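Structure at a glance
So the chains spell out like this:
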Amino acid sequence: MAAAAARVVLSSAARRRLWGFSESLLIRGAAGRSLYFGENRLRSTQAATQVVLNVPETRVTCLESGLRVASEDSGLSTCTVGLWIDAGSRYENEKNNGTAHFLEHMAFKGTKKRSQLDLELEIENMGAHLNAYTSREQTVYYAKAFSKDLPRAVEILADIIQNSTLGEAEIERERGVILREMQEVETNLQEVVFDYLHATAYQNTALGRTILGPTENIKSISRKDLVDYITTHYKGPRIVLAAAGGVSHDELLDLAKFHFGDSLCTHKGEIPALPPCKFTGSEIRVRDDKMPLAHLAIAVEAVGWAHPDTICLMVANTLIGNWDRSFGGGMNLSSKLAQLTCHGNLCHSFQSFNTSYTDTGLWGLYMVCESSTVADMLHVVQKEWFNSNL
């Protein structure tokens, strides 16, 4: 199952097949203007292009601190607003791996202005929803609320990332919570397989480490580690305040200036560069004869978010799709890979995935098979999937 380092490049002809565009396709746009699709280019007036491609308009403003404010106003009575921070597990080292996720857990445990109970009651009384998550490249704090409560939602988000008390008692309590979360993750075989996939695809790099970190790190992370991580990574150029729904960009901009204008400038010092993560073609096999099924993931190196082939890979990922034995359709399924697996009874399920990072990515397939059909399934995948025979 060795996966060689490979870059997926689709020709213009392949892109046309993926998108389903015809050279002579003609549709009518806004105000009766004609929009021609050909060679993946949209030819029309500037007004029609704006109407078709960017509704509602996305507005982005950068503050002096480097913080970017982005919004889309669709005129709804509700909104979602959040802070996207480039401070995930990729920015950690072996000693502090797990700090970003630990910090996410501590965000809602009280600030200098609000206790944990005060925070929970305020969110509940607003009829809002407050949550956070950590990925390999980002830590995200977001709130869903009524549009009229946007100022309070932004103020709460600013409070939890700038004024969290990080109390010792709360740290010890969350240590146990995270260890239990790790046990739950280890029972989810799909999560385990994808962690193994990253470990072998990006060997000896930050992307190869898990988000939760090893057990020994969780047991030893201190308040100083959390504070150091905030002062090192929570800086203006690393943060985007984004909102969508019933949001006025000018109002959001004023809120950002008021709550983040000067405070983010206090975290001085050089902003750490993004650690390079080289893709390595290799494999990991963990054998357990007590398990009735084999769980496999195979991938090639894909591209980062900003690469022009990202959209093509997303479409290809959708065309390959997913399949499960419980699905109907049989040989009439649209995915050729699904037809072959269904006809040959090669697996219990499969799903295609396209995971993108800043400068790299993984494009692949996750499968659950009987041990006796693993070789046949991999043969079909290599023949039909790696050859991009969509």
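To be clear, the structure that these remarks concern was listed above.
Residues numbered from 1 in each chain as written. Predicted model: local features only at pLDDT ≥ 70, side-chain atom pairs only at ≥ 80, totals over all residues. Heavy atoms only, no water.

Another point: the packing of helix α5 (residues 150-162) against helix α10 (residues 249-260). Contact geometry of α5 with α10 gives a least axis separation of 10 Å together with a crossing angle of 30°. Classed by the angle they form, the pair α5 and α10 counts as roughly parallel. α5 and α10 meet at a crossing whose hand is right-handed. Here Leu150, Pro151, Val154, Glu155, Ala158, Ile161 and Gln162 of α5 come into contact with α10, specifically with Glu251, Leu252, Leu255, His259 and Phe260. Counted by class, the contact of α5 with α10 contains eight nonpolar, two polar and two charged residues. (Axes fitted to C-alpha atoms, helices over the stretch in contact; angles between N-to-C directions. Helix = DSSP H or I, 4+ residues; strand = E, 2+ residues; numbered from the N terminus. Parallel < 35°, antiparallel > 145°, perpendicular 65-115°, else oblique. Left-handed = near helix turned anticlockwise from the far one by under 90°. Contact = heavy atoms within 4.5 Å. Nonpolar A, V, L, I, M, F, W, Y, C, P; charged D, E, K, R; others polar.)

This next bit is on the nonpolar core. Counting residues in each nonpolar core, the largest one holds 53 residues, and the members touching the most others are Val81, Tyr141, Tyr234, Leu252 and Phe260. The element contributing the most residues to this core is α5, with eight residues. Ile298, Val300, Ala338 and Cys369 belong to the second-largest nonpolar core, a separate cluster that totals 24 residues. (Core = buried A, V, L, I, M, F, W, Y, C linked by side-chain atoms within 4.5 Å. Buried < 20%, exposed > 50% of the residue type's maximum accessible area, 1.4 Å probe, protein only.)

Attention now moves to the packing of helix α4 (residues 116-126) against α5. Closest axis-to-axis distance for the α4/α5 pair is 12 Å, and the angle between their directions is 160°. Of the possible angle classes, the one that applies to α4 and α5 is roughly antiparallel. Seen from above, α4 lies across α5 with left-handed handedness. Contacts between α4 and α5 involve Leu119, Glu122, Ile123 and Met126 from the former and Arg152, Ala153, Ile156 and Ile160 from the latter. Tallied by class, the residues present in the contact of α4 with α5 amount to six nonpolar, no polar and two charged.

It is worth spelling out α5 at this point. Helix length check: α5 (13 residues) gives 18 Å between terminal C-alpha atoms against 18 Å at 1.5 Å per residue, within 8%. Where burial is concerned, most of α5 is hidden: ten out of the 13 residues are buried. Those residues of α5 not exposed but buried are Leu150, Ala153, Val154, Glu155, Ile156, Leu157, Ala158, Asp159, Ile160 and Ile161. Where the residues of α5 are buried, they touch β6 (78-85), α4, β7 (129-134), β8 (139-146), α9 (223-233) and α10. (Expected span 1.5 Å × (residues − 1).)

We now examine the packing of aromatic side chains. For the coordinates displayed, the defined rule picks out four aromatic pairs. Relative to Phe353, the ring of Phe194 lies with its centre 4.8 Å away and its plane at 70°, an arrangement referred to as edge-to-face. Of this pair, Phe194 sits in helix α7 (residues 189-201) while Phe353 sits in strand β12 (residues 349-356), and the two are 159 residues apart along the sequence. You can call Phe194 buried: its relative accessible area is 17%. (Phe/Tyr/Trp six-rings, centres within 6.5 Å; stacked < 30°, edge-to-face > 60°.)

For Phe350, the position within the fold is in strand β12. On the basis of relative accessibility, which here comes to 3%, the residue Phe350 falls in the buried class. In the structure, Phe350 is positioned 18 residues away from Val368 in sequence and 6.4 Å away in space, judged by C-alpha atoms. Every residue in contact with Phe350, bar those within four places of it in the chain, is listed here: Ile320, Gly321, Asn322, Trp323, Ser335, Leu337, Ala338, Thr341, Leu365, Tyr366, Met367 and Met377.

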